[in-house]
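Next come the chains, spelled out residue by residue.
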Amino acid sequence: MAEVRESLARWTRQPAADAAGARRAGVLVPLFVRDGGLWVVFTLRTDSLEHHRGQISFPGGAEEPGDPTLFHTALRESEEELGIRPEDAIALGRLSPIVTVTGFYVEPFVAALPQPYEFRPAEAEIAEIIEVPVAELLMPGVLEEREFEGRPEPVLFYHHGRHVIWGATARILHELLQAIEPRQG
């Protein structure tokens, strides 16, 4: 994890696009080491949620008045969604903030989790916990880029088994992989 922390410290974060009027949010990008390899944790959101229902995401959500920072927002939401205790999430670094098409300004925070870890998913929010080896996400053919009319840049899709990671989560994942990829090869 020290190599990931060093890579993220060297990574040049980009400013977000115009965030005027966007609702502030924080997400946690949980990483862990298993069998000598780096893994990342995603959630599959239930179909009953207001935002991003049925999509794969990182744990996180909207800022609340009591959150001192968006990192605290990410930690609070990760505890609510997956039962990750804030003291167990070891901060490794940050990625570039993004503004989503749904009107959120999102700051992603990368953190290491001890292993093994016993998640306690909130049944009303989380349909499934998805753990993916980073090496698999770097394989040829996993990343697909599609052009959509009216979108200034391609939309990213990461394919992993029956799951498709796309949208804001794919954008955050893509930057993570770019930041740490030299350490994976």
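Residues numbered from 1 in each chain as written. Predicted model: local features only at pLDDT ≥ 70, side-chain atom pairs only at ≥ 80, totals over all residues. Heavy atoms only, no water.

A. Broad picture of helix α2 (residues 70-82). Look at α2: 18 Å from first C-alpha to last across 13 residues, which is about the 18 Å you get at 1.5 Å a residue. Every buried residue belonging to α2 is among Leu70, Thr73, Ala74, Leu75, Arg76, Glu77, Ser78, Glu81 and Leu82, and all of these are buried. Buried residues in α2 make contact with β1 (23-34), β2 (37-45), β4 (60-62), β7 (104-112) and β8 (126-133). Directly after α2, the chain includes Gly83, whose backbone phi takes a positive value near 75 degrees. (Helix = DSSP H or I, 4+ residues; strand = E, 2+ residues; numbered from the N terminus. Expected span 1.5 Å × (residues − 1). Buried < 20%, exposed > 50% of the residue type's maximum accessible area, 1.4 Å probe, protein only. Contact = heavy atoms within 4.5 Å.)

B. Inspection of the sheet that holds strand β11 (residues 163-166) at higher detail. Read across the open sheet, the 3 strands follow the order β9-β10-β11; overall the sheet is antiparallel. The strands lining the two open edges of the sheet, one partner per strand, are β9 (143-146) and β11. Across the sheet, the mean angle separating the axes of adjacent strands is 25 degrees when strand polarity is ignored. Two elements, β9 and strand β10 (residues 155-160), share 4 bridges in a ladder whose sense is antiparallel. Counted as the bridge partner of Glu145 is Leu156 from β10. (Pairing = 2+ DSSP bridges. Axes fitted to C-alpha atoms, helices over the stretch in contact; angles between N-to-C directions.)

C. Quick look at the pattern of salt bridges. A complete count under the given rule lists 11 salt bridges for this structure. Put simply, Glu128 and Arg162 hold a salt bridge, and the shortest N to O gap is 2.9 Å. A residue pair is termed long-range when its members are at least 10 positions apart, and Glu128 in strand β8 and Arg162 in the loop between β10 and β11 qualify at 34 residues. For Glu128, a relative accessible area of 22% gives the class partly exposed. A relative accessible area of 65% places Arg162 in the exposed class. (Salt bridge = Lys/Arg side-chain N within 4 Å of Asp/Glu carboxyl O.)

D. Representation of the nonpolar core in the model. Of all hydrophobic cores here, the largest spans 35 residues; its most connected members are Val40, Phe42, Leu137 and Leu173. When contributions to this core are tallied by element, the ones reaching two or more residues are α1 (2-10), β1, β2, β7, β8, α3 (134-137), β10 and α4 (167-184). No other element matches α4, which puts 7 residues into this core. If sequence neighbours within four positions are ignored, Leu137 has contacts with Val40, Phe42, Val132, Val142, Tyr158, Leu173 and Leu177. (Core = buried A, V, L, I, M, F, W, Y, C linked by side-chain atoms within 4.5 Å.)

Just distances and angles here, no functional claims.
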